[in-house]
Amino acid sequence: MSAIYPTSTLPFIGSEIEPDYTTAKVAILPIPYEATTTYRRGCVNGPSALLDASQQLECYDEELDRETGLEVGIYTHESIADTRNGKKILPLDMLKVTQETVEKLVNDGKFVIAIGGEHSITNGIVKAYRKIYLDEKFTVIQIDAHGDLRYEYEGSIYNHACVMRRIIEMELPTIQIGIRAICKEEADLIKEKNLTVFRAREIVIQPDWIDRSIASIQTKRVFLTIDLDGIDPTLIPGVGTPEPGGLNWYSLTEFLRKLFELHEVIGCDIMELAPIVDSVVSEFTAAKLIYKLIGYQALAQGW
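All values derive from a computational prediction rather than experimental measurement. (Residues numbered from 1 in each chain as written. Predicted model: local features only at pLDDT ≥ 70, side-chain atom pairs only at ≥ 80, totals over all residues. Heavy atoms only, no water.)

Asker: What's the story with the overall build of the chain in this structure? I'm lost.
Answerer: Assigned secondary structure in the chain consists of 10 helices and eight strands. Expressed along its principal axes, the backbone C-alpha trace of the chain runs to roughly 50 × 45 × 40 Å. The proportion of buried residues among the 303 residues of the chain is 57%. Counting only contacts in the chain whose residues sit at least 6 apart along the sequence, the fraction spanning at least 24 positions is 79%. Surface exposure of the chain reaches about 12900 Å², of which carbon and sulfur atoms provide 50%. In the chain, which carries 30 positive and 45 negative side-chain charges, the distance between the mean positions of the two groups comes to 5 Å. (Helix = DSSP H or I, 4+ residues; strand = E, 2+ residues; numbered from the N terminus. Buried < 20%, exposed > 50% of the residue type's maximum accessible area, 1.4 Å probe, protein only. Contact = heavy atoms within 4.5 Å. Areas by Shrake-Rupley, 256 points an atom, 1.4 Å probe, with all protein chains shown as cover. Lys, Arg positive; Asp, Glu negative; His and termini not counted. Charge placed at Lys NZ, Arg CZ, Asp CG, Glu CD.)

What follows is the structure, encoded as structure tokens:
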């Protein structure tokens, strides 16, 4: 039995937020693409489930004491690279349409938050920002249970398990947070390239990890990619490859708020939501996380 989600694209939060493209400062980009899932399938339904759950969000953010969405405007783009209903899309075609769409949105002055879909999508998103910021490096902050540093997996270099390897090949600095599952190849690469990794087992006993992780960022601008399995699976069980441990809600949001305060976040994505039948916990929590990202960006930018 599979859950049924709207095939049309619901606006984030709903009719309460006027989805006008011209005035909106934020663009939500649904990318329901799934092709290389290696464990629990279903992230193709992640964007529609998240948008459906967002209808239940309170517009008022009690932490920030404001109705963020009403003040900044949130436009929800139509879905791209949609593999629902058995549709097949080649990885390079997915990457191309993703890069082109993100480029247009950013060039139109939008703060883009993409929702997936499998983590391989992030490759196309980061390529767009790499082209836009051609002469200036930015740091890719990855919140994830897994390293995603394999050169290839199951015969493809575009597998979701390889996305951070592709980003490193773009010669961008990376910081990985919440990591707790890697293979020997990935462990060797971390040592060889001296990659910055904040492991989940260290975070749980080091209360200063937030300050240390942010202090390790050497660029003004950052891009944030969140694989939802980086969060404790008791909070978000609906992911493709769950791992015990992970970040809790309040340490995560504290880190994110400080990140937005101290660095220019150029864009974000939320990936790997795979809804569970008869449960809305995962998609609602993911929707609330997106609203937090919007709120922290609004605060940082003075919107």
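Asker: What am I meant to see in the side chain of R130 here?
Answerer: Structurally, R130 can be placed in helix α4 (residues 121–132). No salt bridge is formed by the buried R130; the nearest opposite charge belongs to E171, separated by 5.1 Å. In this structure, R130 is in contact with E136, K137, F138, M170, E171 and L172, ignoring residues within four places of it in sequence. (Salt bridge = Lys/Arg side-chain N within 4 Å of Asp/Glu carboxyl O.)

Asker: When you look at the packing of helix α1 (residues 46–54) against helix α10 (residues 281–301) in this model, what are you seeing that I'm missing?
Answerer: Relative placement of two packed helices is described by the angle separating their axes and the distance separating the axes. Direction vectors running N to C along α1 and α10 enclose 75 degrees, while the axes themselves pass 8 Å from each other. With respect to α10, the axis of α1 lies roughly perpendicular. Where α1 approaches α10, its residues A49, L50, A53 and S54 are matched on the opposing element by E283, F284, A286, A287 and I290. A per-class count over the contact of α1 with α10 returns seven nonpolar, one polar and one charged. (Axes fitted to C-alpha atoms, helices over the stretch in contact; angles between N-to-C directions. Parallel < 35°, antiparallel > 145°, perpendicular 65-115°, else oblique. Nonpolar A, V, L, I, M, F, W, Y, C, P; charged D, E, K, R; others polar.)

Asker: Which parts of the structure should I look at to understand the pattern of salt bridges?
Answerer: Where charged atoms from two side chains of opposite charge approach closely, those side chains can pair. Taken as a whole and judged by the stated rule, the model has 20 salt bridges. A salt bridge links E186 to R150; its shortest N-O distance comes to 3.7 Å. Of this pair, E186 sits in helix α6 (residues 184–193) while R150 is found in the loop between β4 (139–143) and α5 (163–169), placing the two residues 36 residues apart along the sequence. Judged by its relative accessible area of 2%, E186 falls in the buried class. Notably, a salt bridge pairs E264 with K220, separated by 3.9 Å at the nearest N-O pair. Taken together, the residues span a long stretch of sequence, with E264 in strand β8 (residues 264–271) and K220 in the loop between α8 (209–215) and β7 (221–227) at a distance of 44 residues. E264 gets classed as partly exposed once you look at its relative accessible area, which sits at 24%. For K220, a relative accessible area of 54% translates into the label exposed. When salt bridges with common partners are traced through the structure, they connect D61, E63, R257, E261 and K292 into a single cluster.

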